[in-house]
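One letter stands for each residue in the lines below.
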Amino acid sequence: MNTTSITSIIEVSGLSRKFDSKLALNNITLKVPRGRVFGLVGGNGAGKTTLIKHILGLLKAETGSVRVFGFDPVADPVKVLGRIGYLSENRDLPAWMRVDELLRYTQAFYPKWDMAFAEELRHQFGLDPSAKIKNLSRGENAKAGLLIALAYRPELLLLDEPSSGLDPVVRRDILEAILRTVADEGRTAFFSSHLLDEVERVADDVAMMFAGQVVLSGTLDDIKENHHRLIFRFDAPQSITPQVPGALSIAGSGNEWTVICNGSRQAAIAGVARAGGRVVADDTPSLDEIFVARAGTKHI
Ligand code: ATP
């Protein structure tokens, strides 16, 4: 199979997964295009790590299918795993090693390991080569994990909650720059996060998970273009919630209401007018507001 012609690096189709009676993944379908930064967002327990484990072939699809570089990662791990740089949620680094030993040890697994780049990252991250892994802070541990996922310039960088433990400066100045660089070099970055503002700053494509389901996916540009926030007023207080076409959520009371809606802005504005209201503000909601409107919860 000529895998360089494949445009979707990851293809998940109808994937479901149960743990006992708990449906952790419910009919997930998504495609991750080559050369993009793909952000998977969702709150605690949404199913992000379970999905990532299927992509890595650590869990076998019970229902549906998973293809990475066109291969089943469970049946063909060798063709898949050598091309992925992975940062697990728990980091899983050997506690007894020193940072320099970790670099040399990991290098042995990857013919394409770039020691000059690894050293550059080590400097950038401020990691002491003689420090023991077990003595690293949570943030330093996250940096060490990120470093070894990056240093052989994998075709697919797969990061489970890379921000956890990193301070805002490192997140903004280093992590986001790394993700962009990976995509600019034609490689693919897939990361999970519960930080919607971060995803909004860096991702080209987004999938939002809630309770095991993908509640929304698409390019960030399309998602933002297709969602609107309208604030509208009535001359007289309204005792019942006004109806607006495409509304995902409506909040307010009395004279003033705010709607987050999906679809045609014109249709929503016309709907407000039909209900007797007038639009006083009309803009694009943040990804956070879209998620809350879609999932019906703030608990992300
Ligand atoms: P978080 O952001 O908290 O890491 P997540 O989105 O990564 O959450 P998952 O770890 O994928 O969520 O978990 C999804 C659901 O499946 C949760 O309810 C979790 O308790 C359950 N789950 C995950 N792994 C197992 C397992 N091995 N056995 C039983 N239940 C599991």
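Since the structure is predicted, the reported quantities are computational estimates derived from the model, not experimental observations.

### Re the nonpolar core
Point 1. Formed by 51 residues in total, the largest nonpolar core has its most connected members in Leu147, Leu157, Leu159, Ile178, Leu179 and Val206.
Point 2. Here this core spans two domains, since at least three of its residues come from each of domain 1 (3–219) and domain 2 (226–295).
Point 3. Contact partners of Val206, with chain neighbours within four places excluded, come to Phe38, Gly39, Val41, Val199, Leu216, Ser217, Gly218, Leu220, Ile223 and Leu287.
Point 4. If you look at the next biggest cluster of nonpolar residues, it comprises 26 residues, including Val32, Ile55, Leu56 and Val80.

### Focus on the layout of surface pockets
By rolling a water-sized probe across the atoms, one finds the places where empty space is left.
Point 1. In this structure, the largest pocket spans a volume of roughly 510 Å³.
Point 2. Lining the largest pocket are 21 residues; nearest its centre among them are Tyr86, Asp92, Thr106, Tyr110 and Ile148.
Point 3. With four residues, strand β5 (residues 84–87) is the largest single contributor of residues to the lining of the largest pocket.
Point 4. Class assignment for the residues of the lining of the largest pocket results in 15 nonpolar, four polar and two charged.

### Details of helix α4 (residues 115–125)
Point 1. Listed as buried for α4 are Phe117, Ala118, Leu121, Arg122 and Phe125. One face of α4 carries all of its buried residues, which in axial projection span an arc of 140°. When the buried face of α4 is taken as reference, the exposed residues oriented beyond 90 degrees from it are Ala116 and His123.
Point 2. Those residues of α4 that are buried lie in contact with α3 (99–107), α5 (138–150) and α6 (168–184).
Point 3. Between the side-chain oxygen at the start of α4 and the backbone nitrogen of Ala116 there is a gap of 3.3 Å, and the oxygen is on Asp114.
Point 4. Looking one or two residues past α4, Gly126 carries a phi angle of roughly 65°, positive in sign.

### Thoughts on the domain arrangement of the protein
Point 1. Domain boundaries in the protein define domain 1 (3–219) and domain 2 (226–295).
Point 2. Computed over C-alpha atoms, the centres of domain 1 and domain 2 are 37 Å apart.
Point 3. At the junction of the two partners, domain 1 supplies eleven residues and domain 2 supplies eight residues.
Point 4. Summed over both sides, the interface of domain 1 with domain 2 buries roughly 800 Å², with 81% coming from carbon and sulfur.

### Re the sheet that holds strand β12 (residues 278–283)
Point 1. Here we have three strands laid out as an open sheet, ordered β11-β10-β12, and antiparallel in their pairing. The strands lining the two open edges of the sheet, one partner per strand, are β11 (247–262) and β12. With direction set aside, neighbouring strand axes in the sheet form an average angle of 25°.
Point 2. Here strand β10 (residues 227–238) pairs with β12 via five bridges, running antiparallel. Within the sheet, the bridge partner assigned to Arg229 lies in β12 and is Asp283.
Point 3. Set on the sheet, helix α9 (residues 265–274) makes contact with β10, β11 and β12; between it and β12 the angle comes to about 155°.

Scoring rules and cut-offs
Residues numbered from 1 in each chain as written. Predicted model: local features only at pLDDT ≥ 70, side-chain atom pairs only at ≥ 80, totals over all residues. Heavy atoms only, no water. Core = buried A, V, L, I, M, F, W, Y, C linked by side-chain atoms within 4.5 Å. Buried < 20%, exposed > 50% of the residue type's maximum accessible area, 1.4 Å probe, protein only. Domains from an automatic or database assignment. Contact = heavy atoms within 4.5 Å. 1 Å grid on protein atoms, 1.4 Å probe; cavity = no way out; pocket = protein on both sides within 12 Å on 5 of 7 lines; lining within 4 Å. Points joined across faces, edges and corners; volume = space filled by probe spheres on them. Helix = DSSP H or I, 4+ residues; strand = E, 2+ residues; numbered from the N terminus. Nonpolar A, V, L, I, M, F, W, Y, C, P; charged D, E, K, R; others polar. Arc of directions from axis to C-beta. Polar contact = N/O pair within 3.5 Å; in protein donor to acceptor, adjacent residues only side chain to side chain. Buried area = accessible area lost by both parts, 1.4 Å probe. Pairing = 2+ DSSP bridges. Axes fitted to C-alpha atoms, helices over the stretch in contact; angles between N-to-C directions.

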